[in-house]
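Summary of the model geometry
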Amino acid sequence: MRYAQLVVGPAGSGKSTYCSTIYSHCQNIKRPCHVVNLDPAAEHFDYDVAVDVRELISVDDAAEYMNLGPNGALIFCMEYILKNLEDFGEKLGDFEDDYLLIDCPGQIELYTHMPLMTRLTNHLQTLGFRLVVVYLLDSQFMCDPAKFFSGAIAALSAMLQLELPHVNVMSKMDLVPKEVRPLIESYMNADTHVLLDELNRTADDKRRRLNLRLAELIEEFGLLQFYPLDKDDEEMITDLVLHVDMCLQYGEHEEPRDVDRMDMADMHWWRERGVSDEDEDVELLSAARVLTQRRTWFGFGQTQEYDTSPPKPWYQRHARDDTDEFDRFSTEERKERIALRREMMDLQEDGADSTNLEAYAAKVADLCIKYNDRLGAAALVDNSDFVQLPEVNKAALEEFLEKTKFD
Ligand SMILES: Nc1nc2c(ncn2[C@@H]2O[C@H](COP(=O)(O)OP(=O)(O)OP(=O)(O)O)[C@@H](O)[C@H]2O)c(=O)[nH]1
């Protein structure tokens, strides 16, 4: 399976910088990755470009030979690429099992007015690529709600035009002054109440109705969540890559290598954190993570899927975030959870019946109480029928939840 991110967004929004940042991140995590330049007007890059559209045609050549101005030359280039799409696509076809970052031109009207991107994406799909659009918006221009609305609608237009999984990114977060951050954060979640209040301050009745309709559109379709990006914040980059991977379903086709019982999502999670899958501990670590995630830990042969909801944005993270939780456990708790998970795996191999399922669920319940794990306890009680939790343990968990309730 091959994967590609189409990196789009207005001029100067940070597309090339994004490609450079993700390219370095991929190198660090040992993921094969190549950058493709689709911008005939591009000038220089601080990374190796594997395929460059300028080898086919560049704006400078078009301007010189066709005697065109900069915009006319760009349109000419786009038409030329369209006519020679098959040749260009062939070059992209050289990469097996790889991950491409396609750095697109900044003039987004080129895609909304011309069929280039749609034709290119269709072609890539016929070559077996799984695609995601990463749409960048510059946080610098998002310091007032009217600009946010126009940026969000441009993102929506690209989303509708390209009809592909779509991730919105708010770039250059490091440049946002502290006092403006709360406002930007509210935009990133498309908090329409905040936006409307701001927008309506100076609007007349007619404009207020328009603002309301636009806000409803944004809210109703839930399409406009933005992921923050500060190119120097490793954690933000990891979160974003993880989210894009979920949209791409990256890695789901792969066969596990050394660790045949491990969930691929776990392996991927650890790889993202620099742990090699040749490392024996990965199986243990992953097992522990499954346990901490409380999604699949108490069932035998349960088909419940991983929760693929996007990781929480950095500003919403709190101590009980699932993905961070493992790090909070004491060594003793980790060991016990790992041991229990191993026991469950052995039972799975021997064949689970209702007696050992009950015994297992009872042990998990004890562990929740022992380590003051309210979230796990609540999940277990909610799924008590499904996991065949014995009544006595269910009652103990309910008592524990009642006793440790926050007011
Ligand atoms: N401080 C900061 N600067 C950034 C960031 N991302 C991009 N920039 C700067 O913003 C400017 C434009 O970035 P590019 O990556 O060239 O933007 P682009 O979207 O590729 O531009 P075009 O291809 O011309 O449309 C450059 O000066 C970058 O150094 C960021 O996260 N933080």
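Structure first, text after, so check above.
Everything quoted here is computed from the prediction, not taken from an experiment. (Residues numbered from 1 in each chain as written. Predicted model: local features only at pLDDT ≥ 70, side-chain atom pairs only at ≥ 80, totals over all residues. Heavy atoms only, no water.)

1. Digging into the packing of aromatic side chains
Here a ring pair, both rings aromatic, is described through the centre-centre distance and the interplanar angle of the planes. Under the definition given, this model contains two aromatic pairs. Taking 6.5 Å as the distance between ring centres and 25 degrees as the angle between the ring planes, the aromatic pair formed by Phe-76 and Tyr-80 counts as stacked. Residue Phe-76 and its partner Tyr-80 are both found in helix H3 (residues 70-83); the two are separated by four residues, about one turn of the helix. For Phe-76, a relative accessible area of 25% puts it in the partly exposed group. Using a relative accessible area of 31% as the deciding quantity, one classes Tyr-80 as partly exposed. Cation over ring: Arg-31 sits above Tyr-99, and NZ or CZ is 4.8 Å from the ring centre. (Phe/Tyr/Trp six-rings, centres within 6.5 Å; stacked < 30°, edge-to-face > 60°. Helix = DSSP H or I, 4+ residues; strand = E, 2+ residues; numbered from the N terminus. Buried < 20%, exposed > 50% of the residue type's maximum accessible area, 1.4 Å probe, protein only. Lys NZ or Arg CZ within 6 Å of the ring centre and 35° of its normal.)

2. Overview of the pattern of salt bridges
Tallying each qualifying case throughout the model produces four salt bridges. With a shortest N-O distance of 3.0 Å, Asp-138 and Lys-172 are connected by a salt bridge. Remark: Lys-172 occurs in the loop between strand S6 (166-171) and helix H8 (181-188) and Asp-138 occurs in strand S5 (residues 129-138); sequence separation between them is 34 residues. (Salt bridge = Lys/Arg side-chain N within 4 Å of Asp/Glu carboxyl O.)

3. Here we look at the packing of helix H1 (residues 15-28) against helix H11 (residues 234-248)
It is at 11 Å that the axes of H1 and H11 come closest, and there the two elements cross at 90 degrees. With respect to each other, H1 and H11 are oriented roughly perpendicular. Note on element contacts: H11 touches H1 through Glu-234, Ile-237, Thr-238, Leu-240, Val-241 and Val-244, opposite Tyr-18, Thr-21, Ile-22 and His-25. A class-by-class count of the residues in the contact of H1 with H11 yields six nonpolar, three polar and one charged. (Axes fitted to C-alpha atoms, helices over the stretch in contact; angles between N-to-C directions. Parallel < 35°, antiparallel > 145°, perpendicular 65-115°, else oblique. Contact = heavy atoms within 4.5 Å. Nonpolar A, V, L, I, M, F, W, Y, C, P; charged D, E, K, R; others polar.)

4. Digging into the pairing of S6
Buried residues dominate S6, accounting for six of its six residues. On S6, burial covers both faces: His-166, Asn-168 and Met-170 on one face and Val-167, Val-169 and Ser-171 on the other are all buried. Where S5 and S6 come together, six bridges link them in parallel fashion. Bridge pairing in S6 places Val-133 opposite His-166. Regarding topology, helix H7 (residues 145-162) serves as the crossover connection from S5 to the parallel S6, and that connection is right-handed. Of the strand pairs in this sheet, S6 and strand S7 (residues 226-228) are connected by three bridges, and their pairing is parallel. Within S7, the residue paired with Met-170 across the bridge is Pro-228. (Pairing = 2+ DSSP bridges. Right-handed = clockwise from strand over helix to strand, strands pointing away.)

5. Description of the environment of Arg-181
Within the secondary structure, Arg-181 sits in helix H8. Separated by 38 residues in sequence, Arg-181 and Cys-143 have C-alpha atoms that sit 8.9 Å apart.

6. Brief notes about a nonpolar patch on the surface
A cluster of nonpolar side chains, contributed by Tyr-65, Met-66 and Leu-68, occupies part of the molecular surface with about 330 Å² of accessible area. Along the chain, the position of Leu-68 falls in the loop between helix H2 (59-66) and H3. (Patch = residues over 30% accessible without salt bridge, like charges linked within 9 Å, V, L, I, M, F, W, Y side chains within 5 Å. Areas by Shrake-Rupley, 256 points an atom, 1.4 Å probe, with all protein chains shown as cover.)

7. Focus: the sheet that holds S7
Taken together, the seven strands give an open sheet; going across it, the order is S3-S2-S4-S1-S5-S6-S7, and neighbouring strands pair in parallel fashion. Each edge of the open sheet carries a strand with a single partner, namely strand S3 (49-52) and S7. Each adjacent strand pair in this sheet contributes to an overall mean axis angle of 30 degrees, direction not counted. Contacting strand S1 (2-8), strand S2 (33-37), S3, strand S4 (99-103) and S5, helix H4 (residues 85-92) crosses the sheet at an angle of about 165 degrees to S3.

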